[in-house]
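Residue-level structural notes
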Amino acid sequence: MFKKLQTVSFYIFLKWLLLAAVSGTIVGVAGAGFHHCLDISSEMFGKFSWLLFCLPLAGLLIVFVYRRCGFVEDKGTNMVFTAIRDGEKIKFRTAPLIFLATCLTILTGGSAGREGAALQLGGSITSFFSKIFHMNENDYKILIMCGMAAGFSSLFGTSVAAAIFAIEMISVGSFCFAAIVPCALSSAMGIYVASLLGVHPTSFDMTGVPEFSLITLLSVIVLAVLCGLIGILFCVSMHTVKHFAVKFFKNPYIRVVVGGVIIIALTLILKTNDYNGAGMHIVEKAMSGEAEIFAFVLKLLFTAITLAVGFKGGEIVPAFFLGSTFGCIVAPIIGLDPSFGAGLGLISVFCGVTNCPITSLILSVELFGGQGILFFLISCAVSYMVSGYYSLYGEQRFIGSKFELGNFELHSK
C-alpha cells in the first residue's frame, strides 16, 4: 500500500513538473513580450507629450474592443479569483486584450500598473492550456495559479514572492500547499525564460537601515500603522470612484472619455507627467530619499480615475508608488531614514491592500536584499492587522478572523 502511494505521488510530481515547465515557459515568453512593450509605451509617452491628448480616443478603443469581444462587465483581476475558487473558465481572448489595452493605457498617459495585468495574462494563457489537456477542476485551479506565478515572476522578476503570492492571495487565511511545487516551478521557469529575453529582476538600493532599538521599533510600528491606513484609503478610493463613475455615467463610452479628459486636465494643471503611467521612476526616486509631499495623494487620484472609467492595467505598482512616497515623507518626522522609510512604506502598503504578509516579507528580501528583515516582518504584521478586511480585489475572501484564533467564519468586504 505504501509503495503504491509512493508511485502515485511520483507520477503526480512528474505531471506537475511537465505542466509547470511548459506553462512557465509559455507565460514567461508572453510576460517578457509584455514587459518590453510596456517599456516602449512608457518611453514613447515620455518623448511625445502630445500622446496625452489621445487618451480619450484610446479609452474609446479599449471599451469598444472589450465589448465586441464579449466583456460587457469586465471583472479584471477579480476573474482570476473566481476561476480558482469556483472553477469559472477564463477566456483566452483575455490575454491579447489585457496585453494591448494596458500598453495603450500606458502609451497615452493613463495611470496604471502592470503586475495586475500580468496575473490576468498568465491566468488566461494557462486556462486555455488546461483545455488542451482536458484537466479536471482541481488541476485547472492549480494551473491558473501557475500562470499567475509565472506572469508575475516574468514581469517583475521576484520569483519567490510571485510563487507564494499566487497561492496566498486567493483566500486569506487558507494556504493551498498542494500548489507549492507547481507554482514554484512555474515561477522559476517564467523568470528564467524572461531573463533570456532581456528582462531584468526589479530591485532597489535601500539605505539607512538602523540598528535595533526600542525607539526604532516604535517608529517602525507607527509607520506601519499609517501605511495600513493608507492601504485602506487606497482600497476605498478605488472602489468608491468606480461606483460613482458607473452611477453618474452609465454609458461606458461617455464614462471613459470623461475620465480621459479629467486625467488630461489634471496633468496640465500640475505641469508634470509624474503621475501618469506606472510611476516606477518615482518609486526609484523615493528609494533614494526624494519625494513630493502630496505625491501619494495625487497618484491615488490619477489611478482611481484611470481604472474606474474603463482603462486597463494593474494596481500593484501604484500601491508601490503610494507606499514608497508616503514612507519617504513620513520617515524623517518619526526619526527614520527617508530611503528606509520608503522601503518600509512600499512593503507595508502592498501588504495592506493585498492581505498577503508572507508574500510581502519575501518581497522585501527580493527587492532590498534582506536588509532590516526583522523590521519588515513587524511592519508587514502590523499593516496586515490594521488594514482589516479591506482589499483591492472584491473577490478576495478571508477564511477566518484576522484578530481571533478559532473564529473560522467567512469574511468578505
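Everything that follows concerns the structure shown earlier in this document.
Residues numbered from 1 in each chain as written. Predicted model: local features only at pLDDT ≥ 70, side-chain atom pairs only at ≥ 80, totals over all residues. Heavy atoms only, no water.

Here the focus is unusual backbone geometry. For Lys-271, which is not glycine, the phi dihedral falls at a positive 55°. Residue Asn-355 is not a glycine yet carries a positive backbone phi of 60°. According to the relative accessible area criterion, Asn-355 is buried, its value standing at 1%. (Buried < 20%, exposed > 50% of the residue type's maximum accessible area, 1.4 Å probe, protein only.)

All right, on to the layout of surface pockets then. Estimated volume of the largest pocket: approximately 910 Å³. Forming the boundary of the largest pocket are 33 residues, of which Asp-74, Lys-75, Lys-242, Leu-307 and Lys-312 lie nearest the centre. Broken down by secondary-structure element, the contributors of at least two residues to the lining of the largest pocket are helix 2 (55–68), helix 9 (214–248), helix 10 (252–270) and helix 12 (295–308). The greatest single-element share of the lining of the largest pocket, amounting to four residues, is contributed by helix 9. In this model, the second largest pocket occupies a volume close to 510 Å³. As for the second largest pocket, its lining consists of 26 residues, of which Asp-39, Ser-42, Arg-114, Met-280 and His-281 are closest to the centre. Going through the elements one at a time, helix 1 (2–47), helix 6 (137–156) and helix 11 (280–287) are the ones with two or more residues in the lining of the second largest pocket. Top element by residues in the lining of the second largest pocket is helix 1. It accounts for six residues. (1 Å grid on protein atoms, 1.4 Å probe; cavity = no way out; pocket = protein on both sides within 12 Å on 5 of 7 lines; lining within 4 Å. Points joined across faces, edges and corners; volume = space filled by probe spheres on them. Helix = DSSP H or I, 4+ residues; strand = E, 2+ residues; numbered from the N terminus.)

Looking now at a positive patch on the surface. A contiguous patch of positive charge, built from Lys-89, Lys-91, Arg-93 and Lys-131, is present on the exposed surface. When you line up the elements, Lys-131 lands in helix 5 (residues 115–132). Residue classification places Lys-131 among the partly exposed positions, given a relative accessible area of 44%. (Patch = residues over 30% accessible without salt bridge, like charges linked within 9 Å, V, L, I, M, F, W, Y side chains within 5 Å. Areas by Shrake-Rupley, 256 points an atom, 1.4 Å probe, with all protein chains shown as cover. Salt bridge = Lys/Arg side-chain N within 4 Å of Asp/Glu carboxyl O. Lys, Arg positive; Asp, Glu negative; His and termini not counted. Charge placed at Lys NZ, Arg CZ, Asp CG, Glu CD.)

Remember that the coordinates give geometry; whether it matters functionally is a separate question.
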